[in-house]
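# Architecture and fold: a report
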Amino acid sequence: MDFGSILNALILGVSIASIWLIAALGLTIIYGAAGVINMAHGELIMLGAYSSYMLQYYLGVPYLLCIPASFVIVALVGLILERGLIQYLYNRPLDTLLATYGVSLVLMQGVRLIFGSDPKYLAVPEIFSSNLSLGFLSISTFRVIVLLVTALLVLALWLLFYKTRFGVQVRAVMQNKEMAASFGINSSRVYMLTFALGAGLAGVAGSLFGVLNIVLPTMGASYVVQAFLMVVVGGGSLAGSVVASGVTGEMQSVFAFFTNDTFARFLIFVLIVVFLRFRPQGLFAKAGTRR
Amino acid sequence: MGNLYHNKTAQWLAYAAFFAVLAIVPMRIDDDFLLNQLATYGVYGMLALSISLCWGFGGILNLGQGIAFGLGAYGMAMTMQMQTQTESNPIPPLMLNNGLDYLPMLWWPFANTGLGIVCAIAVPTLFCAIFGTIMFRARVSGPFFAIMTLAMLSAFYTIILDRQAYTGGVNGITPPSPLQFAGVEVDPYSPLAYWTVFFALMIATVLAKLITQSSFGLVTQAIRDDAERVRFLGYSVAGYETMIYTIAGLIAAVAGCLWVMLVQYVSPAQLDVGFSLSMVIWAAIGGRLSLVGAIVGAFVIQGAQSYLGDTFLSTWLLILGGFFIVIVRFLPNGLASLLEAALGLFATRKPKSSAESNGAEPVPAE
């Protein structure tokens, strides 16, 4: 067990953390702002991967443009979903969980009907498929790209939530919907936009995951439980999700270094349950958030 | 006269009629495979019943019922596997194939059939009791508890997948011969297997019905409607929640045992998130506030999946998902509430709104 391989595991941990974080970002916003447990989040990620695939395969859009385009497409899907279904269920949290699970079944089977269940692949520019090596360290370039995109998105979200008028409105609605409404904030509109934003972020995650893994109708299912746990451990705030993903990503990498990937996941799940037993409100729960 | 739907005598009569119909089935059918399939529906009915008890009457949405079901199933599969091992060949092949040349301690109790079955039922029940105590004491409830059960389910799924030498990994355990119990071979395709499931389902249903009508059941329903108020009245909310959660777990564990008896097979797929969620779908569509409604929900959905599934293979999930969304959106208490409303039309005096306010309204998070 030399120093180099431990360091490599730690760096891999950062990369794993960024993947978990980008999967959880959209969910954080939707859960944090609207308290909706969106079981269809994994399928929104899957839709992001498929919309990138579609743009690339049928229209020949370059990969880097597919990422923002997936954001827009999946955000629109999210908007329709919110207006058509979720908005009627805001005061029934358990029912949103169930209804969105129904949505996830429909989306998965719908995509399977259109595209078939054979795997699809996203093509990326040459330079992304190489490896970066730095002395004894080696990491694929694309994982660095994922890390950069994640960092960029976190920064953008932070600016949006803490530096703009819209962000103030979202945080006001989060803290007390009725009070915010009495100050003239249209909470229904805020919910709608945050849901669309969260869905769009899932789209971005999907267009990145489509490169890391193959694109399949069932690909979303593997992300949703994990993403949920990040959000719940983080307490539904942006900073919470960042820290939660960072810590669990590192732990996953280090445990996997000593045992194997599957056993590491088991350990993480158990540790999360134990952690939430003692801190059900998560890492950074603000006082006064509605729960 | 009030709504017949809420009349206790009428309810018991309906239950008796329901089980009478189920009892006639084996006399009418001489297709062994169909009988076996109907018996597996009975097992699914038990799972839906356990969800209805826990969620409809206890307010605890449990997305991890696959834990109790899966552990029960694994216990039974291990017992049946050990029955086929002889003195000269004491180690199951799945271990030898994975380079394990001794019987691990985990498997020791299952070498004895009686002890094995007791363990298969007691271990998941005990797990539910411990997990429930820990969670409910910390006042974890509502969507949070649902997510915790989901995390626990994923943990069990991964560990069973990972410990290949002990659990058979992704292939699971396939006991080569049927269960031998007290000198009798329970052939999965025989009426004996059907009757075993029938009586298990009937006993579970009657017990669950008695529980919901007891004062214990009334307190759990009060907790479902407003946990905080019940706590202020001096009841131990955590104790009641743990109890109803554990009873539901016990029913699911028995269902797991019976399921392996019928199909002679278990794999991590029984602990898959999708399967646990489909149990919730059965109960939700049938009606979570009606025990027999939930059972019928399981029959209808699984039956439709088997028969319509072949015709509409590609669109089945689409139909199921869409139907489920409609039910959650417009009929939160499932199809049973349609019957309730229909019988309500015949009631001479409008019944008090006790039934309507049962679950349609939001249950406060705290």
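On a predicted model such as this, the values are computed, not experimentally measured, just so you know.

Here the focus is the overall build of chain A. Along the backbone of chain A there are 11 helices and 2 strands. Its helices and strands in sequence order give chain A the pattern α-α-α-α-β-β-α-α-α-α-α-α-α, from N to C terminus. For 291 residues, the compact-globule formula gives about 19 Å, and the C-alpha radius of gyration of chain A, at 19 Å, lands near that figure. On the principal axes, the C-alpha backbone points of chain A span a range of 60 × 50 × 35 Å. Burial status across chain A gives 49% buried among its 291 residues. Put simply, 78% of the contacts in chain A that link residues at least 6 apart link residues at least 24 apart.

Turning our eyes to something else, we now look at the overall build of chain B. A count of helices and strands for chain B gives 15 helices and 2 strands. Taking 21 Å as the expected radius of gyration for a compact globule of 366 residues, we find that chain B reaches 21 Å, a close match to that expectation. On the principal axes, the C-alpha backbone points of chain B span a range of 75 × 50 × 40 Å. A total of 366 residues make up chain B; the buried ones form 48% of that total. Sequence-distant contacts, at least 24 apart, represent 81% of the contacts inside chain B between residues at least 6 apart.

Glancing now at the interface of chain A and chain B. Taken together, the contact between chain A and chain B spans 36 residues of the former and 38 residues of the latter. Those elements that place two or more of their residues in the side of chain A that touches chain B are α4 (93–115), α9 (221–234) and α11 (261–278) of chain A. Split into classes, the residues belonging to the side of chain A that touches chain B amount to 26 nonpolar, 5 polar and 5 charged.

The next subject is helix α6 (residues 165–175) of chain A. Residues and elements named next belong to chain A. Buried within α6 we find Gln169, Val170, Val173 and Met174. For α6, the angular spread of buried residues about the axis comes to 140°, placing them on one side. Looking at the buried residues of α6, the elements they touch are α1 (3–34), α5 (141–163), α7 (177–182) and α8 (187–212).

All names here are of chain A. As annotated in UniProt, the feature "transmembrane region" (unreviewed entry) corresponds to residues 7–37, 57–81, 93–115, 135–161, 190–215, 227–247 and 254–276 in the numbering used here. Structurally, residues 7–37 comprises 90% helix and 0% strand, and the distance from its first C-alpha atom to its last is 36 Å. With 86% helix and 0% strand, residues 227–247 has its two end C-alpha atoms placed 14 Å apart.

Further remarks concern the packing of α4(A) against helix α14 (residues 316–330) of chain B. A packed helix pair is summarised by two numbers, namely the angle formed by the two axes and the spacing between the axes. Between α4(A) and α14(B), whose axes approach to 8 Å, the crossing angle comes to 160°. As the angle between them shows, α4(A) and α14(B) are arranged roughly antiparallel. The two elements α4(A) and α14(B) cross, and the hand of that crossing is left-handed. Across the interface between the two elements, Asp95(A), Leu98(A), Ala99(A), Gly102(A), Val103(A), Leu105(A), Val106(A), Met108(A), Gln109(A) and Gly110(A) from α4(A) touch Leu317(B), Leu318(B), Leu320(B), Gly321(B), Gly322(B), Phe324(B), Ile325(B), Val328(B) and Arg329(B) from α14(B). Of the residues that constitute the contact of α4(A) with α14(B), the class distribution is 12 nonpolar, 5 polar and 2 charged.

All names here are of chain B. In the predicted model, chain B carries a mean pLDDT of 86, and 94% of its residues have values of at least 70. Taken together, the stretch residues 350–366 has pLDDT below 50 and engages in 24 contacts with residues farther than four places along the chain or on a different chain. Both scores are given for the predicted complex: the pTM is 0.88, the ipTM 0.86.

Okay, the nonpolar core next. A general feature of soluble globular proteins is that nonpolar side chains tend to end up buried together. Residue and element names in this part refer to chain B. Grouped together as the largest cluster of nonpolar side chains are 196 residues, with contacts concentrated most on Leu47, Ala48 and Cys257. With 20 residues, helix α11 (residues 237–263) is the largest single contributor of residues to this core. Setting aside its immediate chain neighbours within four residues, Ala48 contacts Met279, Trp282, Ala283, Gly286, Ala294, Ile295, Gly297 and Ala298.

All names here are of chain B. Between helix α12 (residues 273–286) and α14, whose axes approach to 10 Å, the crossing angle comes to 55°. Between α12 and α14, the crossing angle belongs to the class labelled oblique. Taken as a pair, α12 and α14 cross one another with a handedness that is left-handed. When α12 is examined against α14, the residues Ile281, Ala284 and Ile285 are found in contact with a partner set consisting of Phe324, Ile327 and Val328. When its residues are assigned to classes, the contact of α12 with α14 shows 6 nonpolar, no polar and no charged.

What counts, and at which threshold
- Residue numbering note: each chain is counted from 1, following its sequence as written.
- All chains are assigned letters beginning with A, and all ligands numbers beginning with 1, in the order in which they are written.
- With the structure being a predicted model, the display of local features is reserved for residues of pLDDT at least 70 and the display and counting of side-chain atom pairs for 80 or more, all residues being used for whole-chain, interface and lining totals.
- The way it works is that DSSP assigns letters per residue, a run of H or I at least four long becomes a helix, a run of E at least two long becomes a strand, and they are numbered from the N terminus.
- In this setup the radius of gyration rests on C-alpha atoms only. A globule is expected at 2.2 Å times the number of residues raised to 0.38.
- Three classes are used. A residue is buried when 20 or more other C-beta atoms lie within 10 Å of its own, exposed when 12 or fewer do, and partly exposed in between, with C-beta atoms placed from the backbone.
- We call two residues in contact whenever the C-beta atoms placed from their backbones are within 7 Å.
- Classes in brief: Ala, Val, Leu, Ile, Met, Phe, Trp, Tyr, Cys and Pro nonpolar; Asp, Glu, Lys and Arg charged; the others, Gly included, polar.
- It is the directions from the helix axis to the C-beta atoms that the arc portrays.
- UniProt positions are given in the numbering used here, feature names are shortened, and annotations may be inferred rather than shown by experiment.
- For helices, the axis comes from a line fit to the C-alpha atoms of the stretch in contact; other axes are also lines fit to C-alpha atoms, and the angle between any two N-to-C directions lies between 0 and 180 degrees.
- An angle below 35 degrees is read as roughly parallel, one above 145 as roughly antiparallel, one from 65 to 115 as roughly perpendicular, and any other as oblique.
- Should the near helix be turned anticlockwise from the far one by less than a right angle, the crossing is termed left-handed; should it be turned clockwise, right-handed.
- pLDDT: the predictor's confidence for each residue, scored from 0 to 100.
- For this analysis, nonpolar core means a set of buried Ala, Val, Leu, Ile, Met, Phe, Trp, Tyr and Cys residues linked through C-beta atoms within 7 Å.

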